[in-house]
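So you can see what is in the structure, the chains are spelled out below.
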Amino acid sequence: MGIGDFVSSKAEFDHVTAERERESWEIDNCLETEKTEMIDIYMQKGLTREEAVEVVDLMLENKDVFLERMMADELGLLPPEDPKTAAKNAFVTFVSFIVFGGLPIIAYVANGHYDRPGALDNVFYEALGLFGFALLVLGVYRGYVTGKPWYITGPLTLLNGSVTTAAAWGLG
């Protein structure tokens, strides 16, 4: 999971960086075309032609500002994150997977020698309970981080995890 997160974050960084380089080249070599594109975008957002020209001309006084706005308004891309963020995200994903994914295993470890794999017994239900608890805690924490009510994010995370787990289990 952590490696997948790292590869995904790195790919996104590479994509945004390549687009930024392309847009920078276009500003240097096709300025009037880029200026016209931005004026059209701001007119579509409700500015008059004169207002849009004024905004674009102001942004053109600083190439980096103009480039950043082009990336966001034309391509829908935000500035790339620091590459170190990809490693940090991967580490957080890995640790979360170990902690929250490993919590249900405690039921089996606590019961010593377990010789009934695949059985729907008390140990299985204990593991389900620990899994539900882990999802609920994760959802409550998500609410804390995002500023949304914990009593909404907690149960929603529990529901989402339960439905996807049941589907995966049912499909085998």
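Structure report, in brief. None of the values given here were measured: they were computed from a predicted structure. (Residues numbered from 1 in each chain as written. Predicted model: local features only at pLDDT ≥ 70, side-chain atom pairs only at ≥ 80, totals over all residues. Heavy atoms only, no water.)

## Some words on the layout of surface pockets
Stated formally: The definitions used throughout rest on a 1 Å grid laid over the protein atoms alone, on which a cavity is an enclosed set of points accommodating a 1.4 Å probe that cannot get out and a pocket is an open set flanked by protein within 12 Å on both sides along at least five of seven lines; lining residues are those having an atom within 4 Å of a point. Grid points are joined across faces, edges and corners, and a volume is the space filled by probe spheres set on the points. Counting from the N terminus, the helices are the DSSP runs of H or I reaching at least four residues and the strands are the DSSP runs of E reaching at least two. Polar here means any residue outside two lists: the nonpolar Ala, Val, Leu, Ile, Met, Phe, Trp, Tyr, Cys and Pro, and the charged Asp, Glu, Lys and Arg; Gly therefore counts as polar.
What the largest pocket holds in volume is close to 410 Å³. Lining the largest pocket are 13 residues, and of these Pro104, Phe124, Leu128, Phe131 and Thr165 lie nearest its centre. Contributions of two or more residues to the lining of the largest pocket are made by helix 5 (83–102), helix 6 (105–110), helix 7 (122–146) and helix 8 (150–171). The class makeup of the residues in the lining of the largest pocket is 10 nonpolar, three polar and no charged.

## Remarks on the pattern of salt bridges
For the record, the criterion: What counts as a salt bridge is simple: a side-chain nitrogen of Lys or Arg found within 4 Å of a carboxyl oxygen of Asp or Glu. Only protein chains enter the accessibility calculation, which uses a 1.4 Å probe; a residue whose area is less than 20% of its type maximum is buried, one above 50% is exposed, and one in between is partly exposed.
Across all of its chains, the model carries eight salt bridges by this definition. Of the charged contacts in the structure, one is a salt bridge between lysine 45 and aspartate 73, with a shortest N-O distance of 3.5 Å. Linking lysine 45 in the loop between helix 2 (31–44) and helix 3 (49–59) with aspartate 73 in helix 4 (residues 63–75), this pair joins segments that are 28 residues apart in sequence. The buried category is assigned to aspartate 73, whose relative accessible area is 16%. Salt bridges linked by common partners bring Glu19, Arg22, Glu23 and Glu26 together as one network.

## Focus: helix 3
The test is simple: Working definition: the arc comes from the directions between the helix axis and the C-beta atoms, pointing outward to the latter. In what follows, residue pairs with any heavy atoms lying within 4.5 Å of each other are defined as contacts.
Among the residues of helix 3, Ala52, Val56 and Met59 are the ones counted as buried. End-on, the buried residues of helix 3 take up no more than an arc of 60 degrees, which puts them together on one face. Structural note: helix 3 exposes Glu50, Glu54 and Leu58 on the side pointing more than 90 degrees away from its buried face. Contact partners of the buried residues in helix 3: helix 2 and helix 4.

## A closer look at the environment of glutamate 54
Here glutamate 54 is to be found in helix 3. Spatially, the C-alpha atom of glutamate 54 lies 9.1 Å from that of isoleucine 39, the residues being 15 residues apart in sequence.

## Focus: the nonpolar core
Cut-off, in case you're wondering: By nonpolar core is meant a set of buried Ala, Val, Leu, Ile, Met, Phe, Trp, Tyr and Cys residues that side-chain atoms within 4.5 Å join together.
One finds Met38, Tyr42, Val56, Met59 and Phe66 to be the most contacted residues of the largest nonpolar core, which totals 14 residues. Beyond its immediate chain neighbours, meaning those up to four positions away, methionine 38 contacts Val56, Met59, Phe66, Arg69, Met70 and Asp73.

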